[in-house]
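Single-letter residue listing:
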Amino acid sequence: MIKAFPGGWDAMAGALGMSRDGLENRIYERKGQSVLVETALQMQQFSSTTHFAEAVAQLSGGLFMKLPEQSKHDRDELLAKFNELYSKLGDLSTKFREYVKDEEIDKRERQDLTNVGQNIHRTVEELLALTFQIYCRDQND
């Protein structure tokens, strides 16, 4: 997040109201210091990234997915998202067949299947978000 922030370390430290040394001490956990969750969230917001959320999700055994912005979407976008999902399911099916031919899934194949599966989950969530934006009258439900 620091590298993504214009001006890097010095600028991020200034934005957080601390010195560069103070920020480095927290990041590298020197002198008994550490980064507070609130500080990490502020750094994420300043850097316009989702790195902290992604790290928390991964450490929790999940994945972070940013939902589409609330805006006016149409049914063509929804159809495109369904087509994207079908394509990813086809990719999973193809890779699955290929990887189980030898009746064993190695480490690389497992990671590849996991990545494809996570992409499918992300696409399903995006598809649902679009569906609800298009078809739900009250967006607050």
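Overview of the structure.

1. As for the pattern of salt bridges
No. 1: All chains considered together, the criterion is met by 7 salt bridges.
No. 2: One salt bridge in this structure joins Lys81 and Glu84, with 3.1 Å as the shortest N-O distance. With a gap of 3 residues between them, Lys81 and Glu84 both fall in helix α5 (residues 75-99), about one helical turn apart.
No. 3: With a relative accessible area of 13%, Lys81 lands in the buried category.
No. 4: Overall, the relative accessible area of 28% leaves Glu84 in the partly exposed class.
No. 5: Connected via shared salt-bridge partners are Asp10, Arg20, Glu24 and Arg30.

2. Comments concerning the nonpolar core
No. 1: Of all hydrophobic cores here, the largest spans 9 residues; its members are Ile2, Phe5, Trp9, Met12, Ala13, Leu16, Met18, Leu23 and Met43.
No. 2: It is helix α1 (residues 8-16) that contributes the most residues to this core, 4 residues altogether.
No. 3: Excluding residues within four positions of it along the chain, Met18 makes contact with Ala13, Leu23 and Arg26.

3. A short note on the layout of surface pockets
Over the atoms rolls a probe the size of a water molecule, and in doing so it shows where empty space is left.
No. 1: Roughly 200 Å³ of internal volume is contained in the largest pocket.
No. 2: Together, Glu54, Ala57, Gln58, Gly61, Gly62, Leu63, Phe64, Gln118 and Arg122 line the largest pocket.
No. 3: Tallied by class, the residues present in the lining of the largest pocket amount to 3 nonpolar, 4 polar and 2 charged.

4. Some remarks on the environment of Gln111
No. 1: Its location among the elements puts Gln111 in helix α6 (residues 107-135).
No. 2: Judged by its relative accessible area of 44%, Gln111 is partly exposed.
No. 3: Looking at Gln111, its side chain comes within polar contact range of the side chain of Asn115, at 2.8 Å.

5. What about the packing of aromatic side chains?
Two aromatic rings, taken as a pair, are described by how far apart their centres are and by the angle between their planes.
No. 1: In the structure shown here, the tally under the stated rule is 3 aromatic pairs.
No. 2: On the basis of an interplanar angle of 40 degrees and a centroid distance of 6.1 Å, the ring pair of Phe5 and Phe46 is categorised as tilted. Taken as a pair, Phe5 in the segment before α1 and Phe46 in helix α3 (residues 37-47) lie far apart in primary sequence, 41 residues in all.

6. Remarks on the environment of Thr49
No. 1: Looking at where Thr49 falls in the secondary structure, it is placed in the loop between α3 and α4 (51-59).
No. 2: Of the residues examined, Thr49 reaches a relative accessible area of 16% and is grouped as buried.
No. 3: Beyond its immediate chain neighbours, meaning those up to four positions away, Thr49 contacts Met1, Ala4 and Gln44.

7. Let's talk about the packing of α5 against α6
No. 1: Remark: α5 packs on α6, axes separated minimally by 9 Å, with the N-to-C direction vectors making an angle of 165 degrees. It follows from the interaxial angle that α5 and α6 lie roughly antiparallel. The crossing of α5 and α6 is left-handed.
No. 2: By residue class, the composition of the contact of α5 with α6 is 15 nonpolar, 3 polar and 11 charged.

Parameters and conventions
- Counting of residues starts from 1 at the beginning of each chain's written sequence and follows it residue by residue.
- Since the coordinates come from a predicted model, pLDDT governs what is reported: local features require at least 70, and pairs of side-chain atoms require 80 or more to be given and counted, while whole-chain, interface and lining totals use all residues.
- To get the side-chain values, all heavy atoms of the structure are used, and hydrogens and water are removed first.
- Each salt bridge in this description consists of a side-chain nitrogen of Lys or Arg and a carboxyl oxygen of Asp or Glu lying within 4 Å of one another.
- Starting at the N terminus, helices and strands are each numbered in turn, a helix being any DSSP run of H or I of at least four residues and a strand any DSSP run of E of at least two.
- Remark: exposure states derive from per-residue accessible area (1.4 Å probe, protein chains only) relative to the maximum for the residue type, with buried under 20%, exposed over 50%, and partly exposed in between.
- Definition used in this section: a nonpolar core is a set of buried Ala, Val, Leu, Ile, Met, Phe, Trp, Tyr and Cys residues joined via side-chain atoms within 4.5 Å.
- Should any heavy atoms of two residues lie within 4.5 Å, those residues are considered in contact.
- Lining residues are those with an atom within 4 Å of a point, where the points come from a 1 Å grid over the protein atoms alone and group into cavities, where a 1.4 Å probe fits but cannot get out, or pockets, open sets with protein on both sides within 12 Å along at least five of seven lines.
- Grid points are joined across faces, edges and corners, and a volume is the space filled by probe spheres set on the points.
- Polar here means any residue outside two lists: the nonpolar Ala, Val, Leu, Ile, Met, Phe, Trp, Tyr, Cys and Pro, and the charged Asp, Glu, Lys and Arg; Gly therefore counts as polar.
- N or O atoms within 3.5 Å of each other form a polar contact, as long as, within protein, one can give a hydrogen and the other can take it, and as long as residues adjacent in sequence are counted only when both atoms are side-chain atoms.
- Aromatic contacts are taken between Phe, Tyr and Trp rings whose centres are within 6.5 Å, Trp giving its six-membered ring; a plane angle under 30 degrees counts as stacked, one over 60 as edge-to-face, and the others as tilted.
- To get an axis, a line is fitted to the C-alpha atoms, and for a helix only the part in contact is used. The angle between two axes follows their N-to-C directions and goes from 0 to 180 degrees.
- Reported orientations rely on four angle classes, namely roughly parallel under 35 degrees, roughly antiparallel over 145, roughly perpendicular from 65 to 115, and oblique for the rest.
- What makes a crossing left-handed is the near helix being turned counterclockwise from the far one by less than a right angle; a clockwise turn instead makes it right-handed.

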